[in-house]
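# Fold and geometry: a report
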Amino acid sequence: MMLVMKKGQEEMSNMLLQTVIAICISDIDDIKLLPPRSVGRLYSILNRDEINRALIHYHDENNLSIDLFVAIVYNKCIPQKCKELQQLIKKEIEIITGQTVSAVHIYVDAIWIK
């Protein structure tokens, strides 16, 4: 199944993926999604995706990878929370879209106190 075919479909599929990612993050306690760093922000602007918080890279018609920038609550196990989020996002996107998620890169940019 090819998810991206035309510009309009690409925007819709990107919105779908952003929504799935946001729902996955909301399902895991103690993690917040942050906007991309400056290089990621530049990449988003060049691809006209300024409103997106996750950077989605299409490698071919059935393979993609995702970069996320997150904040995690102080005193939580960062590797455990990141692995849990990676597995959930990979599973949900593969079920919903039929595409293979080759990687979910999570960058912890902040720690916050509840």
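Residues numbered from 1 in each chain as written. Predicted model: local features only at pLDDT ≥ 70, side-chain atom pairs only at ≥ 80, totals over all residues. Heavy atoms only, no water.

Moving on, we come to the overall build of the protein. When helices and strands are tallied, the protein shows 3 helices and 4 strands. Listed by position from the N terminus, the elements making up the protein come as α-β-α-β-β-α-β. For the protein, the accessible area works out to roughly 6,900 Å², and carbon and sulfur atoms hold 56% of it. (Helix = DSSP H or I, 4+ residues; strand = E, 2+ residues; numbered from the N terminus. Areas by Shrake-Rupley, 256 points an atom, 1.4 Å probe, with all protein chains shown as cover.)

Inspection of the sheet shows strand E2 (residues 55–60) paired to strand E3 (residues 63–73) by 5 bridges, in the antiparallel sense. Its bridge partner being in E3, Asp60 is matched across the sheet by Asn63. Between E2 and E3, which pair antiparallel in sequence order, lie 2 residues. (Pairing = 2+ DSSP bridges.)

A few words on the confidence of the model for the protein. Scored by pLDDT, the protein has a mean of 81; 75% of the residues are at 70 or more. Long-range and interchain partners of residues 1–8, a stretch whose pLDDT sits below 50, account for 15 contacts in this model, where long-range means more than four residues apart. (pLDDT = per-residue confidence, 0-100. Contact = heavy atoms within 4.5 Å.)

Looking now at the pattern of salt bridges. All chains considered together, the criterion is met by 4 salt bridges. Where Lys91 meets Glu92, a salt bridge forms, and the shortest distance between an N and an O atom there is 3.9 Å. On the basis of relative accessibility, which here comes to 45%, the residue Lys91 falls in the partly exposed class. Via salt bridges that share partners, Asp30, Lys76 and Lys81 belong to a single interconnected network. (Salt bridge = Lys/Arg side-chain N within 4 Å of Asp/Glu carboxyl O. Buried < 20%, exposed > 50% of the residue type's maximum accessible area, 1.4 Å probe, protein only.)

Now for a nonpolar patch on the surface. Residues Tyr74, Ile78, Val108, Ile111 and Ile113 make up a contiguous nonpolar surface patch of about 480 Å² in total accessible area. As for its placement among the helices and strands, Ile111 is situated in strand E4 (residues 100–112). (Patch = residues over 30% accessible without salt bridge, like charges linked within 9 Å, V, L, I, M, F, W, Y side chains within 5 Å.)

Formed by 23 residues in total, the largest nonpolar core has its most connected members in Ile21, Ile66, Leu68, Val70, Leu85, Ile89 and Ile93. Secondary structure elements with two or more residues in this core: helix H1 (7–27), strand E1 (31–34), E3, helix H3 (78–97) and E4. In this view, Ile21 contacts Ala54, Ile56, Ile66, Leu68, Ile89 and Ile93; residues no more than four positions away in its chain are not counted. (Core = buried A, V, L, I, M, F, W, Y, C linked by side-chain atoms within 4.5 Å.)

All told, the structure shown has 1 aromatic pair when counted by the stated rule. Between Phe69 and Tyr107 the ring centres are 5.1 Å apart and the planes differ by 20°, which places this aromatic pair in the stacked class. You can see Phe69 sitting in strand E3 and its partner Tyr107 sitting in strand E4, a full 38 residues away along the chain. Classification of Phe69 as buried rests on a relative accessible area of 6%. Classification of Tyr107 by relative accessible area gives partly exposed; the value is 29%. (Phe/Tyr/Trp six-rings, centres within 6.5 Å; stacked < 30°, edge-to-face > 60°.)

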